[in-house]
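Residue strings, one per chain:
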Number of protein chains: 2
Amino acid sequence: METETSEHNECDGAVSLAFTILGKRWNGMIIATLGKGPLCFAELRRAVPGISDAVLSDRLSELAEVTLVTRSVNPGPPIAVSYALTDGGERLVPVLEQLGQWASSSLPSPVKA
Amino acid sequence: METETSEHNECDGAVSLAFTILGKRWNGMIIATLGKGPLCFAELRRAVPGISDAVLSDRLSELAEVTLVTRSVNPGPPIAVSYALTDGGERLVPVLEQLGQWASSSLPSPVKA
DNA sequence: AATAGTAACTAATAAAAACAAAGTGACTAG
DNA sequence: CTAGTCACTTTGTTTTTATTAGTTACTATT
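Residues numbered from 1 in each chain as written. Chains lettered and ligands numbered in written order. Predicted model: local features only at pLDDT ≥ 70, side-chain atom pairs only at ≥ 80, totals over all residues. Heavy atoms only, no water.

Moving on to the packing of helix 5 (residues 87-106) of chain A against helix 5 (residues 87-106) of chain B. It is at 10 Å that the axes of helix 5 of chain A and helix 5 of chain B come closest, and there the two elements cross at 175°. One element, helix 5 of chain A, and the other, helix 5 of chain B, form an angle in the roughly antiparallel class. Between helix 5 of chain A and helix 5 of chain B, the residues in contact are Gly 88, Arg 91, Leu 92, Val 95, Gln 98, Leu 99, Trp 102, Ser 105 and Ser 106 of chain A and Gly 88, Arg 91, Leu 92, Val 95, Gln 98, Leu 99, Trp 102, Ser 105 and Ser 106 of chain B, respectively. Broken down by class, the residue content of the contact of helix 5 of chain A with helix 5 of chain B amounts to 8 nonpolar, 8 polar and 2 charged. (Axes fitted to C-alpha atoms, helices over the stretch in contact; angles between N-to-C directions. Helix = DSSP H or I, 4+ residues; strand = E, 2+ residues; numbered from the N terminus. Parallel < 35°, antiparallel > 145°, perpendicular 65-115°, else oblique. Contact = heavy atoms within 4.5 Å. Nonpolar A, V, L, I, M, F, W, Y, C, P; charged D, E, K, R; others polar.)

Shown next, in the form of structure tokens:
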């Protein structure tokens, strides 16, 4: 009747939780990019090369839903929507920087075709 | 002929490189799990709940290819294949731990259905 | 010895996610 | 009036992931 605590593994729940967000393509990049300051949709798309409108839109909704980014509409006339990190999002930025350092030092060059 | 340095953004290449690996589902979890010590295929599958044989096999090949894990075959008779982190993989472990801490403190609970 | 069970995979197929391209509605510049 | 930007949404097509079912080599059981 061992409740599964005796043997050993059961992968870290917190890390697993982190990867529900970061294990999806683009999320890490979006947060890292917003770490340099708020940006609006088009700027963000340009800053994250390769992402498409549809996916960016989708990711931003998700990130807003888990309260890592905020969406603020400035109803101009030239309407502008600005995306920024929340506190929680900001707290991730330094970790992402370490991730970047790790990648530079431990990953082989950008596996090109 | 501006080489794209004038305006501003262009998301961090190193972070982007990190996410070529970590932005794929399971990779982070696999590395975090191996961070607690080497495991063989079946143990790993049990330790990472939800992953399937096919995907685990695939991920392990990828991770071996970028030299983050090693695969060593012990030709028993009871043949056993053991997977372990390389130096590069080990260097990621502390960062993953921070990621876990961040998740616990900044992410809403496991969005259940 | 035949039957069933585990380990470590591979193969085939189904389902989900990502991508590319175009379209929408509001507005500005020429 | 035409063309272009912004912020998206919609519609396919392609890639990735996931699920299911083998396969080969052994071990444990009966």
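Next up on the list: the pattern of salt bridges. Overall, the coordinates contain 10 salt bridges over all chains when judged by the stated rule. The shortest N-O distance in the salt bridge between Asp 53 of chain A and Arg 45 of chain A comes to 2.8 Å. On the basis of relative accessibility, which here comes to 39%, the residue Asp 53 of chain A falls in the partly exposed class. For Asp 87 of chain B, the salt bridge is made with Arg 91 of chain B, and the minimal N-O distance between the two is 3.7 Å. Taken together, the positions of Asp 87 of chain B and Arg 91 of chain B, both in helix 5 and 4 residues apart, correspond to about one turn of that helix. Since its relative accessible area comes to 41%, Arg 91 of chain B is described here as partly exposed. Three or more residues joined by partner-sharing salt bridges are found here, namely Lys 24, Asp 58, Arg 59 and Glu 62 of chain A. (Salt bridge = Lys/Arg side-chain N within 4 Å of Asp/Glu carboxyl O. Buried < 20%, exposed > 50% of the residue type's maximum accessible area, 1.4 Å probe, protein only.)

Another aspect to go through is the environment of Thr 20 of chain A. Considering the arrangement of structural elements, one finds Thr 20 of chain A in helix 1 (residues 13-22). Within the structure, the side chain of Thr 20 of chain A is placed 2.5 Å from the backbone oxygen of Leu 17 of chain A, a separation counted as a polar contact. (Polar contact = N/O pair within 3.5 Å; in protein donor to acceptor, adjacent residues only side chain to side chain.)

Glancing now at the interface of chain A and chain B. With 43 residues of chain A at the contact, the number on the chain B side is 43 residues. Surface buried jointly by chain A and chain B totals about 3,700 Å² across both partners, of which 75% is contributed by carbon and sulfur atoms. For chain A, the biggest contributors to the area lost against chain B are Phe 19, Met 29 and Trp 102 of chain A; these three give 17% of the whole. At the junction of chain A and chain B, the tally comes to 5 residue pairs in polar contact (both at pLDDT 80 or more). When residues of the side of chain A that touches chain B are traced back to their parent elements, those giving at least two are helix 1, helix 2 (27-34) and helix 5 of chain A. Top element by residues in the side of chain A that touches chain B is helix 5 of chain A. It accounts for 13 residues. Among the residues forming the side of chain A that touches chain B, the class breakdown is 25 nonpolar, 12 polar and 6 charged. (Buried area = accessible area lost by both parts, 1.4 Å probe.)

The subject of this paragraph is the protein's contact with DNA strand D. The environment of DNA strand D is formed by 19 residues, the closest being Asp 53, Arg 71 and Tyr 83 of chain A together with Ser 52 and Arg 59 of chain B. When atoms of DNA strand D within 4 Å of the protein are split into backbone and base, the sugar-phosphate part holds 71%. Here Asp 53 of chain A contributes a side-chain N or O atom positioned 2.4 Å from a base nitrogen of DNA strand D. Elements that contribute at least two residues to the surface near DNA strand D include exactly helix 3 (41-47), helix 4 (53-65) and strand 3 (80-85) of chain A together with helix 4 (53-65) of chain B. For the surface near DNA strand D, a count of residues per class yields 11 nonpolar, 2 polar and 6 charged. (Near = heavy atom within 4 Å.)

Bringing the sheet that holds strand 1 (residues 39-40) of chain A into the picture now. To summarise the sheet geometry, strands pair through backbone hydrogen bonds and adopt either a parallel or an antiparallel arrangement. All names here are of chain A. A sheet is described by the order of its strands in space; here 3 strands give the open sequence 1-3-2, paired in antiparallel fashion. The sheet is open, and its two edges are formed by strand 1 and strand 2 (69-74), each paired on a single side. Of the pairings in the sheet, the one linking strand 1 to strand 3 comprises 2 bridges and is antiparallel in character. Note that in strand 3 the partner of Leu 39 across the bridge is Tyr 83. (Pairing = 2+ DSSP bridges.)

This part covers the layout of surface pockets. Where empty space is left in the structure can be found by rolling a water-sized probe over the atoms. By volume, the largest pocket is sized at about 350 Å³. Arg 25 and Trp 26 of chain A together with Ser 16, Phe 19 and Thr 20 of chain B are, among the 16 residues lining the largest pocket, the residues nearest its centre. Looking at the lining of the largest pocket, the elements that each hand over two or more residues are helix 2 of chain A together with helix 1 (13-22) of chain B. Broken down by class, the residue content of the lining of the largest pocket amounts to 7 nonpolar, 6 polar and 3 charged. (1 Å grid on protein atoms, 1.4 Å probe; cavity = no way out; pocket = protein on both sides within 12 Å on 5 of 7 lines; lining within 4 Å. Points joined across faces, edges and corners; volume = space filled by probe spheres on them.)

So yeah, pure geometry; function would need other evidence.
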